[in-house]
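Geometric and topological summary
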Amino acid sequence: MYTELKKKIKDKSAVITVVGLGYVGLPIAVEFCRSGFTVKGFDTNVRRIRKLKKEKSYIDDISSGEIRGACRTGRFFVTGDDGVLRSSDIIILCVPTPLRKVKEPDISYIIYASRSLRKRMRPGQLIIVESTTYPGTTREVILPELEKSGYQLDRDFYLAFSPERIDPGNPRYDLTNIPKIIGGVTEKSTELGRLLYSRIIDRVVGVSDAETAEVTKLLENTFRIVNIGLINEFAMLCDKLKIDVWEVIKAAGTKPFGFMPFYPGPGIGGHCIPADPMYLSWKARTVGFRTEMIDLAARINRMLPVHVVKRIGRLLKSRGKKFDSARVLLVGVTYKKDVNDLRESPALEIIKILGRKKAAVVYHDPHIPYLDISGVKMRSRGLTPSLIKKQDVVLIVSDHSCLDYRMIARSAPLVFDTRDVFARNGITGDNIIKL
Ligand SMILES: NC(=O)c1ccc[n+]([C@@H]2O[C@H](COP(=O)([O-])OP(=O)(O)OC[C@H]3O[C@@H](n4cnc5c(N)ncnc54)[C@H](O)[C@@H]3O)[C@@H](O)[C@H]2O)c1
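Report follows, based on the coordinates. (Residues numbered from 1 in each chain as written. Predicted model: local features only at pLDDT ≥ 70, side-chain atom pairs only at ≥ 80, totals over all residues. Heavy atoms only, no water.)

**Some points on helix α2 (residues 25-34)**
The α-helix winds at 3.6 residues per turn, so residues separated by three or four positions along the chain end up facing the same way. The condition that has to hold: The classification of residues rests on relative accessible area computed with a 1.4 Å probe and restricted to protein chains. Under 20% of the type maximum is buried, over 50% is exposed, and intermediate values are partly exposed. Secondary structure is summarised from DSSP: a helix means a run of H or I of at least four residues, a strand means a run of E of at least two, and numbering begins at the N terminus for each.
The element α2 is largely enclosed, with a buried count of nine among its ten residues. For α2, the set of buried residues is Gly25, Leu26, Pro27, Ile28, Ala29, Val30, Glu31, Phe32 and Cys33. Immediately downstream of α2, the backbone of glycine 36 shows phi near 120°, a positive value.

Here you go:
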């Protein structure tokens, strides 16, 4: 079984099914197809499947042209039918791992996907989990579910965890040049996973086991949440001290060792940084340990949308205005630049707070034509000088590359820039105030 699967991976005759065709699953599916494998994409979201069948993409990192290219190979199929799992040699799980309201892991998508898989399994399959999760999920939750099929690990199937590290919107690093970590529940599983990913990725790093691979991803995102929390706190302090935090970071960044720049912002968002460290802090509590750094960083980061609104309030006051008579235009509402991902975006919280203060809020985002915030529907407004001139404050939340910042600076009575995008583009003016 093992040797046969190895051979199929080597000669690319192995059929791969990617379960969950989102920001993570779709690029993987397309990349494996591009490299010569037959790939089947399975998703329970019928709208996404319908779009893919029309050869249309719904995420920024994959163009419709790439979907078309994959379909034209005759080796790329998409479906909403889980029967596809039986006809596959390799199954890669890329389903969501969100947080519950109480900020605890919600692994229900993983459990549901494992159940469908268990019902469709056949001997000779390699299963790889890419969804970010707490250490122990692969061995303690997924493995027992799969074993209910009667099949045996290392005899009938192989199971590994390989965290996804993609950075949507990053033009320099994509799936193929970000080293991939793989940790199997058994050595054979690690070996098969390593062989598979080395077909499409420049460097594959095998680790001792699935738990090590699971927690490696959580360390990476914990490193980020803690450092972002630190710099956000530092930014709030610099505001009190009347020091330009951006200049300080730039100066500190000239040190060739021992410092790595992180930047403040309006708050954290996306599917990863706000959620993943909470998976770790939850797991830590189950073994009687408190992750104080994570909890503190999360708390500080949650303060930023409120801090941004407070700064806007101060700016309005200095011009003799109050929120209830103010017009505010948010520019960029996604959680970071150049993506169409709204999940956990601080813009949503900022709009809610401004709404409660009765400010008249509109937004522009080339990636998000419509917004629905708890039933309040908004549509992206055209970014014209006349719209900008009517505002009391233009608030930059996400610094999309395609926007005309010179025009914004020329037209706006006042800009509050939470990303330092104007200075980075050499645009200055008394009307531009930075976080
Ligand atoms: N978005 C990122 O930048 C990123 C980066 C690294 C890791 N991750 C991790 O990867 C995982 C997936 O994230 P994403 O951003 O791609 O999520 P996503 O919501 O964009 O995509 C997940 C897809 O899975 C589908 N799905 C859910 N249950 C299913 C099931 N039982 N069977 C088939 N399809 C199912 C959904 O319909 C959806 O299309 C998460 O664990 C996330 O933490 C995300």
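**Here's the deal with the pattern of salt bridges**
This is how it is decided: One side-chain nitrogen of Lys or Arg within 4 Å of one carboxyl oxygen of Asp or Glu is enough to make a salt bridge.
All chains considered together, the criterion is met by 27 salt bridges. Notably, a salt bridge pairs arginine 34 with glutamate 31, separated by 2.6 Å at the nearest N-O pair. Residue arginine 34 and its partner glutamate 31 are both found in helix α2; the two are separated by three residues, about one turn of the helix. The class for arginine 34 is partly exposed, based on a relative accessible area of 47%. The closest approach of N and O atoms between aspartate 372 and lysine 377, which form a salt bridge, is 3.3 Å.

**Considerations on the site of the ligand**
Counted only if it meets this: For this description, a residue counts as near a given molecule or strand if any of its non-hydrogen atoms is within 4 Å of it. Two N or O atoms count as a polar contact when they lie within 3.5 Å, although within protein this holds only if one can serve as hydrogen donor and the other as acceptor, and sequence-adjacent residues are included solely when both atoms are side-chain atoms. Accessible surface area values rest on a Shrake-Rupley calculation with a 1.4 Å probe, where residue burial reflects the displayed protein chains alone.
Residues in close proximity to the ligand total 27 residues, the closest being Val24, Asp43, Arg48, Thr97 and Arg343. In this structure, a nitrogen atom belonging to the ligand sits 3.4 Å away from a main-chain N or O atom of threonine 44. Burial of the ligand by the surrounding chains reaches 93%, relative to a free accessible area of 830 Å². When residues of the shell around the ligand are assigned to their parent elements, the largest contribution, three residues, is made by helix α5 (residues 108-120).

By themselves, these are just geometric observations and shouldn't be taken as functional.
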